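If you want the building blocks of each chain, they are given just below.
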Amino acid sequence: MSTISLPKTRSRLADLLIAETAAAFTLSHGRFPGPGEPELYAWLERKRRAARKGRLRPRLDAFLGENMPGWRLSREDLWNASLKDLAEAENPTSKQRAWLASQRRASRTGTLTARRRSALDAALGKWDKPAAPQPPSWQERADDITDFVDLHGRLPSASGRDDEASLARWLTHQRARARAGHLLPRQMSRLDRDAPGWLPAGEGRDFPWQARAKALTAFVDTAGRWPKPSVPAEADLAKWARAQRTAHRNGKLAEARTVLLAGIPGWPDAVTGEWKL
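Procedures and definitions
- Residues numbered from 1 in each chain as written.
- Predicted model: local features only at pLDDT ≥ 70, side-chain atom pairs only at ≥ 80, totals over all residues.
- Heavy atoms only, no water.
- Core = buried A, V, L, I, M, F, W, Y, C linked by side-chain atoms within 4.5 Å.
- Buried < 20%, exposed > 50% of the residue type's maximum accessible area, 1.4 Å probe, protein only.
- Helix = DSSP H or I, 4+ residues; strand = E, 2+ residues; numbered from the N terminus.
- Contact = heavy atoms within 4.5 Å.
- Axes fitted to C-alpha atoms, helices over the stretch in contact; angles between N-to-C directions.
- Parallel < 35°, antiparallel > 145°, perpendicular 65-115°, else oblique.
- Left-handed = near helix turned anticlockwise from the far one by under 90°.
- Polar contact = N/O pair within 3.5 Å; in protein donor to acceptor, adjacent residues only side chain to side chain.

**Student:** Looking at this structure, how should I read the nonpolar core?
**Tutor:** Soluble globular proteins tend to pack their nonpolar side chains together in the buried interior. Ranked by size, the top nonpolar core spans 17 residues in total, and within it Trp43, Leu44, Leu56, Leu60, Leu64, Met68 and Trp71 carry the most contacts. For this core, the secondary-structure elements that each account for two or more residues are α1 (12-29), α2 (38-52) and α3 (58-67). Take this core: its biggest share by element is 6 residues, from α1. With residues up to four places along the chain from it excluded, the contact list for Leu44 reads Phe32, Pro33, Met68 and Trp71. Trp138, Leu171, Ala195 and Trp198 belong to the second-largest nonpolar core, a separate cluster that totals 15 residues.

**Student:** Would you mind going over the packing of α1 against α3 with me for this structure?
**Tutor:** Working note: a packed helix pair is described by the angle between its axes plus the distance between those axes. Orientation of α1 relative to α3, taken along the N-to-C sense of each, is 10°, at an axis distance of 10 Å. Relative to α3, the element α1 is oriented roughly parallel. Facing α1, whose interface residues are Asp15, Leu16, Ala19, Glu20 and Ala23, α3 presents Arg59, Leu60, Phe63, Leu64 and Asn67.

**Student:** How do you make sense of the packing of helix α7 (residues 138-152) against helix α8 (residues 163-179) when you look at a structure like this?
**Tutor:** α8 packs onto α7 with a crossing angle of 120° between their chain directions and a minimal axis gap of 11 Å. It follows that α7 is oblique to α8 by the angle criterion. In this structure, α7 meets α8 at a crossing whose hand is left-handed. Here Trp138, Arg141, Ala142, Asp144, Ile145 and Phe148 of α7 come into contact with α8, specifically with Glu164, Ser166, Leu167, Trp170, Leu171, Gln174 and Arg177.

**Student:** What am I meant to see in the side chain of Ser107 here?
**Tutor:** Among the secondary structure elements, Ser107 is positioned in helix α5 (residues 94-109). A polar atom in the side chain of Ser107 sits 3.1 Å from the side chain of Asp128. Beyond its immediate sequence surroundings of up to four residues, Ser107 is in contact with Leu112, Arg117, Trp127 and Asp128.

**Student:** What is the right way to read the environment of Glu140 from this model?
**Tutor:** Note on placement: Glu140 falls in helix α7. A distance of 2.8 Å separates a polar atom in the side chain of Glu140 from the backbone nitrogen of Ser137.

Here is the structure:
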């Protein structure tokens, strides 16, 4: 509970000073003062009641409206608005899901009022059921693979039990994605590092390079020249092509790659895009 020293007298000047304190608190904490700030909260509740009765001084009303948008809404009003937004949402946002999770926690700890529980029941039905478990992310499954290899010194087997068989099926799926060219380079690098041997040589491992080679072939066929590093839209492909040329001249380009590039008009002499069909 926060203790804030406020003016004890009730006057227009005192109200403006307290309003400035409330506005500063709201800006700093991203919320209006609540029960944890009893003095500010009590003052704000009094001003809300005065506003509802049309008895709030115009200058104070204008200050609060400008510096604390939505201040007239009580905590219960804000709660009701959150429930209404969630009930009307087809695809709840992360903020709305977090709000509902907080209501479930309040229900479990006995701090949810009967009125709020009734409102939730009416608007959402079986809202108090635990959220459906989310499937593990790619990163989490990769972590599981890493832990398994560290513990057993081998890749998981499809004939293993329970979790091991599940990990083996996941790894099989990653191999299929790699062969189809759908596995990201960083994902392949992660598995290469932590699960050696997960993908035999030649089974999808060369996809990123082949994709670049196909892009270069398509560019030359369409433009009638090689990409130029001076053209922003072509710079990346031109840089890649130059790297392949350098590797070829240094004898470091694999034979299979050399054969594939040899089918592109201008290889290996065209470098800067000056060559044309």
